[in-house]
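Now for the letters of each chain:
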Amino acid sequence: MKLTKWSYTKRYNIKAHFDEFPNSAVLFRQIKDYYFVYTVNWAISDPVVTKQSLEEMEWLLNTELGTLDSYRLRKVFDRARE
């Protein structure tokens, strides 16, 4: 999957598009120092979005914005709680 384009929206959210889901807009919100998927405006012409796809989207956007280290620390913390 590739991040094809992204832009800031109102209140500093981010709207992004990915090549595997070209007709669906993905909205991200910032929490602490990284971004997470808030909602997907899914288009019926696109494949169903899986949890794995959502995590990959978060990884790609955080890489693009330079916040991947903070995102990775969150993932370590979440796995330690399980």
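No experiment lies behind these values; they were computed from the predicted model shown.

Parameters at a glance
- Residues numbered from 1 in each chain as written.
- Predicted model: local features only at pLDDT ≥ 70, side-chain atom pairs only at ≥ 80, totals over all residues.
- Heavy atoms only, no water.
- Phe/Tyr/Trp six-rings, centres within 6.5 Å; stacked < 30°, edge-to-face > 60°.
- Buried < 20%, exposed > 50% of the residue type's maximum accessible area, 1.4 Å probe, protein only.
- Helix = DSSP H or I, 4+ residues; strand = E, 2+ residues; numbered from the N terminus.
- Contact = heavy atoms within 4.5 Å.

Undergrad: Before we go on, may I ask you to explain the packing of aromatic side chains in this structure?
TA: Two measures describe an aromatic ring pair: the distance that separates the ring centres and the angle between the ring planes. A complete count under the given rule lists four aromatic pairs for this structure. Relative to Y8, the ring of W6 has its centre 5.4 Å away and its plane inclined at 80°; by these criteria the two rings are edge-to-face. With relative accessibility at 30%, the residue W6 sits in the partly exposed group. Relative accessible area serves as the criterion here: at 48%, Y8 is assigned to the partly exposed category. An angle of 55° between the planes, with centres 6.4 Å apart, marks the rings of F18 and F28 as tilted. Of this pair, F18 sits in strand β2 (residues 14-18) while F28 sits in strand β3 (residues 21-31), and the two are ten residues apart along the sequence. In this structure, F18 and F28 share a single accessibility class: buried. Of the aromatic side chains, those joined through ring pairs into one cluster are Y34, W59 and Y71.

Undergrad: Explanation requested: the environment of T39 in the structure shown.
TA: By the secondary structure assignment, T39 is in strand β4 (residues 34-41). Owing to a relative accessible area of 27%, T39 belongs among the partly exposed residues under this scheme. Residues T39 and W6, 33 residues apart in the sequence, show an inter-C-alpha distance of 15 Å. If we skip the residues at most four places from it in the chain, T39 touches A25, V26 and L27.

From the geometry alone we can't say anything about function, so treat these as descriptive.
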